[in-house]
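Each chain is listed here by its residues.
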Amino acid sequence: ASLVWLGGMLFGKNIVLIWTGDENLYGGQLLFFALGGYGFILSIVNTHANLLSGMNIVKNTVKVGWIEAILNIVFSVILAHYLGIAGVALGTVLGSLASFAILPYYVQKNTNKKINSNIIHQLKTFSTVLFFMVFTYFMNDYYDAYLYQKIIYFLIFLTLYMGLIRKDLFKFKKIFSNLNK
């Protein structure tokens, strides 16, 4: 999800131009930042929600969904006045942080910690990715990079990110073996 987020931020304007033929339909950097952030958060939230649903534990998931919806509406209405459509997207991101924070806790609690969501690691990963995305936001806002420069930046991010999550890729085998015990 982080690579899609970065790709949208780096190449969103180009994609909209190719797709529609009208550069005026580009919603702006903040819109792509917010939509990409929501996609990143949603990938984590959906993983935890699906685990809880698979264990037939949906009561708390529904409550968290309502909290997220209410926060989404409140933030979206407030931010829309100042930022337009990008404010609505940013409000959705802020509302989804409730699920991002609560659902990993419910997974751990309802599996007696057999499934360790490692909330601290998820926050570190999110913070690291967020740092790169904020940097990309300002880089795109103040520096009109050529396509090859954006591709090089994307590859640098990809290399750093894969180094960050490399350990996690090897933990999947351990997680699944613990479930079978």
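Keep in mind that what you see is a predicted model, and the values were worked out from it rather than measured.

> Sorry, what's going on with the overall build of the protein here?
When helices and strands are tallied, the protein shows 6 helices and 0 strands. Along the protein, helices (α) and strands (β) appear in the sequence α-α-α-α-α-α when read from the amino end. Split into buried and exposed, the 181 residues of the protein put 38% on the buried side. Taking the intrachain contacts of the protein between residues at least 6 apart in sequence as the baseline, contacts between residues at least 24 apart amount to 70%.

> It is not clear to me how the packing of helix α1 (residues 2-20) against helix α5 (residues 119-142) should be interpreted in this structure. Could you clarify?
When two helices pack together, their arrangement is given by the angle between their axes and by how far apart the axes lie. For the pair α1 and α5, the least separation of the axes is 10 Å and the interaxial angle reads 10 degrees. Judged by the angle between their axes, α1 and α5 are roughly parallel. On α5, the residues touching Ser2, Trp5, Leu6, Met9 and Leu10 of α1 are Val129, Leu130, Met133, Thr136, Tyr137, Met139 and Asn140. Classifying every residue of the contact of α1 with α5 gives 9 nonpolar, 3 polar and no charged.

> How should I be thinking about the nonpolar core in this particular structure?
For soluble globular proteins, nonpolar side chains are generally found buried alongside one another. Among the nonpolar cores identified, the biggest contains 34 residues, and Trp5, Phe40, Leu103 and Met133 are the most heavily contacted of them. At the level of elements, α1, α2 (29-54), α3 (59-83), α4 (85-110), α5 and α6 (147-179) are the ones that each hand at least two residues to this core. Top contributing element to this core by residue count: α2, with 9 residues. The contacts of Phe40, once residues within four sequence positions are left out, are Ala1, Ser2, Trp5, Thr125, Phe126, Val129 and Tyr161.

> Teacher, can you tell me more about the packing of aromatic side chains here?
Where two aromatic rings form a pair, the distance of their centres and the angle of their planes describe that pair. For the structure shown, the criterion picks out 13 aromatic pairs. The interplanar angle of 10 degrees and the centroid separation of 6.1 Å between the aromatic rings of Tyr146 and Tyr148 together place this pair among those described as stacked. Pair check on accessibility: Tyr146 and Tyr148 agree, each one exposed.

> For this particular structure, what's the right way to read the layout of surface pockets?
Remark: the empty space left among the atoms is shown by a probe the size of a water molecule rolled over them. For the second largest pocket, the calculated volume is near 240 Å³. Residue lining of the second largest pocket: 14 residues in total, with Leu10, Lys13, Asn140, Asp144 and Lys150 positioned closest to the centre. Mapped onto the lining of the second largest pocket, the elements with two or more residues apiece are α1, α5 and α6. When residues of the lining of the second largest pocket are assigned to their parent elements, the largest contribution, 4 residues, is made by α1.

> Help me understand the pattern of salt bridges in this model?
Side chains that differ in sign of charge can pair as their charged atoms come close. Following the criterion strictly, the structure yields 1 salt bridge and no others. In this structure, Lys13 and Glu23 form a salt bridge, with 3.9 Å as the shortest nitrogen-oxygen distance. Within this pair, whereas Lys13 is found in helix α1, its partner Glu23 is found in the loop between α1 and α2, the two being separated by 10 residues in sequence. Residue class for Lys13 comes out partly exposed when judged on its relative accessible area of 38%. Residue classification places Glu23 among the partly exposed residues on the basis of a relative accessible area of 44%.

> Can you help me understand the side chain of His48 in this one?
Inspection of the secondary structure puts His48 in helix α2. For His48, a relative accessible area of 5% gives the class buried. Other than its neighbours up to four places away in sequence, His48 contacts Leu103, Pro104, Val107, Ser117 and Gln122.

> Quick question: what am I supposed to make of the environment of Leu17 here?
Following the sequence through the fold, Leu17 ends up in helix α1. Under the relative-accessibility criterion, Leu17 is labelled partly exposed at 37%. Along the backbone, Leu17 and Thr61 are 44 residues apart, and their C-alpha atoms lie at a distance of 39 Å. Setting aside residues no more than four positions away along its own chain, Leu17 makes contact with Asp22 and Glu23.

So, how was this worked out
- Residues numbered from 1 in each chain as written.
- Predicted model: local features only at pLDDT ≥ 70, side-chain atom pairs only at ≥ 80, totals over all residues.
- Heavy atoms only, no water.
- Helix = DSSP H or I, 4+ residues; strand = E, 2+ residues; numbered from the N terminus.
- Buried < 20%, exposed > 50% of the residue type's maximum accessible area, 1.4 Å probe, protein only.
- Contact = heavy atoms within 4.5 Å.
- Axes fitted to C-alpha atoms, helices over the stretch in contact; angles between N-to-C directions.
- Parallel < 35°, antiparallel > 145°, perpendicular 65-115°, else oblique.
- Nonpolar A, V, L, I, M, F, W, Y, C, P; charged D, E, K, R; others polar.
- Core = buried A, V, L, I, M, F, W, Y, C linked by side-chain atoms within 4.5 Å.
- Phe/Tyr/Trp six-rings, centres within 6.5 Å; stacked < 30°, edge-to-face > 60°.
- 1 Å grid on protein atoms, 1.4 Å probe; cavity = no way out; pocket = protein on both sides within 12 Å on 5 of 7 lines; lining within 4 Å.
- Points joined across faces, edges and corners; volume = space filled by probe spheres on them.
- Salt bridge = Lys/Arg side-chain N within 4 Å of Asp/Glu carboxyl O.

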